[in-house]
Amino acid sequence: MRLENKVVIITGAGSGIGKETALLFAKEGAKVVVADMNETAGEETVAQIKTNGEGFFFKLNVSNREQAKQMVKITLEKYGKIDVLINNAGIVQDAFLSKMTEEQWDKVIDVNLKGVFNCSQAVVEVMMNQGSGVIINTSSIVGLNGNVGQVNYAATKAGLIGMTKTLAKELGKRGIRVNAVAPGFIATPMTSNVPEKILEMMKEKTPLRRLGEPKDIANAYLYLASDEANFVNGAVLSVDGGLII
Ligand code: NAP
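Per chain, residues are indexed from 1 in the order of the written sequence. Local features in a predicted model are, by the rule used here, given only for residues with pLDDT of at least 70; side-chain atom pairs are given and counted only at 80 or more, and totals for whole chains, interfaces and linings are based on all residues. The basis for every side-chain value is the complete set of heavy atoms in the structure, and neither hydrogens nor water enter the calculation.

Caption draft 1: The site of the ligand, seen in detail. In this text, near means that some heavy atom of the residue lies within 4 Å of the molecule or strand in question. Near the ligand there are 28 residues, and of these S15, D36, N88, Y153 and T188 occur at the shortest range. Here a nitrogen atom of the ligand and a side-chain polar atom of N61 are 2.9 Å apart. The term polar contact refers here to a pair of N or O atoms within 3.5 Å; inside protein, the definition further demands a hydrogen-donor-capable atom paired with an acceptor-capable atom, and it admits residues adjacent in sequence only when both atoms are side-chain atoms. The side chain of K157 places a nitrogen or oxygen atom 2.9 Å from an oxygen atom of the ligand. A total of 890 Å² of accessible area belongs to the ligand in isolation, and the protein chains cover 88% of it. Reported accessibility uses the Shrake-Rupley method at a 1.4 Å probe radius. Residues are deemed covered only where the shown protein chains occlude them.

Given below as structure tokens:
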């Protein structure tokens, strides 16, 4: 098993990529903290983990700093350490710049960018005291290339690349590795409203001629979280079938 006895916090683990990751990590021997705003979905992930693994649900809004601190406290009380944080929770609120409301802008910044700051800051002291830890941030091809109608989302996902590289420089000497994954188009509830025509166009543009599956990203997280990636720090791993080459 590649994550035996590792304690892993995954935000947004009630759905899509986060859920797939939680189930994969539990199979690989990790104790998984399923942190999500959606209680029903999060508890369902935990129920599936518990068939042959270990984990618990924590109701977390990543935008709330107190909740992030509480999550860390409870994880330490239960498992005594935190090996990996995956800042996976993210949302979209799409509109062209001319139509985007201040609420749409603020909401996406609050979750996708400030949420990562909150959760990373909440775990960092624990990891520094341990002298080890891994933080993985979920960026996007949209953060690398931009996308029409997603000025708020693109700003957050590009911002995460800056945060990842900065934290990799700040924390490397403390034994903490910080990396990002930049998924392409992945079939999850987040992309379920995208019209079929657009999805077909995306497949056509992708050298591998398909959309990504949640497990494609979960496997990338697994590599970065595991000891196999011991010398990987500050990287942005594109997992997009070659879409933005
Ligand atoms: P998803 O299926 O929508 O799952 C996201 C989960 O996060 C949901 O359970 C959601 O709860 C939860 N969540 C939302 N806001 C939260 C908050 N403030 N605090 C805690 N949890 C919150 O999304 P996904 O497609 O798996 O995406 C996962 C990550 O990958 C995101 O960061 C996304 O930006 C990134 N990504 C996705 C794609 C893609 O094509 N799917 C591509 C590139 C990057 P609710 O269900 O209640 O909203």
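Additional details are given in the paragraphs that follow.
Caption draft 2: Structural detail: unusual backbone geometry. Positive phi values are uncommon outside glycine, yet N5 reaches one of about 65°. Its place among the elements puts N5 in the segment before β1 (7–11). Three labels apply to residues, based on accessible area from a 1.4 Å probe with only protein chains included: buried if under 20% of the type maximum, exposed if over 50%, partly exposed otherwise in between. With relative accessibility at 44%, the residue N5 sits in the partly exposed group. Secondary structure counts use DSSP, requiring at least four H or I residues in a row for a helix and at least two E residues in a row for a strand, with both numbered from the N terminus.

Caption draft 3: A nonpolar patch on the surface, seen in detail. Note that patches include only residues with greater than 30% relative accessible area and no salt bridge, and the join distances are 9 Å for like charges and 5 Å for nonpolar side chains (Val, Leu, Ile, Met, Phe, Trp, Tyr). Salt bridges are identified by distance alone: a Lys or Arg side-chain nitrogen within 4 Å of an Asp or Glu carboxyl oxygen. A cluster of nonpolar residues, L97, W105 and V151, forms a patch on the protein surface that exposes about 290 Å² of accessible area. Along the chain, L97 falls in the loop between β4 (84–87) and α4 (102–130). By relative accessible area, L97 is classed as exposed at 67%.

Caption draft 4: Representation of the environment of K81 in the model. Note on placement: K81 falls in the loop between α3 (65–79) and β4. With 42 residues separating them in the primary sequence, K81 and V123 have C-alpha atoms 9.8 Å apart. Side-chain polar atoms of K81 contact the side chain of D83, separated by 3.0 Å.

Caption draft 5: Looking closely at the pattern of salt bridges. A full pass over the atoms with the stated rule returns seven salt bridges. Here D83 makes a salt bridge to K81, at a shortest N to O gap of 3.0 Å. Accessibility expressed as a relative area gives 12% for D83, which makes it buried. The salt bridge partner of K203 is E200, with a shortest N-O separation of 3.2 Å. With a gap of three residues between them, K203 and E200 both fall in helix α7 (residues 196–205), about one helical turn apart. For E200, a relative accessible area of 39% puts it in the partly exposed group.

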